[in-house]
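For reference, the chains in residue letters:
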Amino acid sequence: PPYSQCREFMRKAALEAEYFGIVTVCLVPSRTDTRWWHEHVWDRERHRPRSGVEVRFIKGRLKFGGASAGAPFPSVVIVFRGAK
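Predicted model, so just to flag it, every value in this text is computed and none were measured.

## Overview of the overall build of the chain
Then, in step 1: Broken down by element type, the chain carries 2 helices and 5 strands.
Then, in step 2: Its C-alpha atoms give the chain a radius of gyration of 13 Å, within 12% of the compact-globule value 12 Å for 84 residues.
Then, in step 3: Across its three principal axes, the chain shows a C-alpha extent of roughly 40 × 25 × 20 Å.
Then, in step 4: Taking all 84 residues of the chain together, 32% fall into the buried category.
Then, in step 5: Intrachain contacts of the chain at a sequence separation of at least 6 include 61% that bridge at least 24 residues.
Then, in step 6: Accessible surface, the chain as shown: approximately 5,800 Å² in total, 51% of it carbon and sulfur.
Then, in step 7: Charge-centre separation for the chain: the mean point of 15 positive side chains lies 7 Å from the mean point of 8 negative side chains.

Parameters at a glance
Residues numbered from 1 in each chain as written. Predicted model: local features only at pLDDT ≥ 70, side-chain atom pairs only at ≥ 80, totals over all residues. Heavy atoms only, no water. Helix = DSSP H or I, 4+ residues; strand = E, 2+ residues; numbered from the N terminus. Rg over C-alpha atoms; globule rule 2.2 N^0.38 Å. Buried < 20%, exposed > 50% of the residue type's maximum accessible area, 1.4 Å probe, protein only. Contact = heavy atoms within 4.5 Å. Areas by Shrake-Rupley, 256 points an atom, 1.4 Å probe, with all protein chains shown as cover. Lys, Arg positive; Asp, Glu negative; His and termini not counted. Charge placed at Lys NZ, Arg CZ, Asp CG, Glu CD.

Next up, the structure:
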């Protein structure tokens, strides 16, 4: 998703997985302190990702194309799998 719209895209990805069983993969900033992280990714009662959600942290900072510098933030891949 566009990094400026993570909350909206994460909500949509979670809904698509939950209601339609669509697998969605999102590359987003690793912002574990944000509202969208706790609403759609992390189950704070169980201290793990929500059911049907996979979290894959990326080591280091991403570089896109021929960029001379890496991203100014860490990244994470979130996979929404939905109910099986």
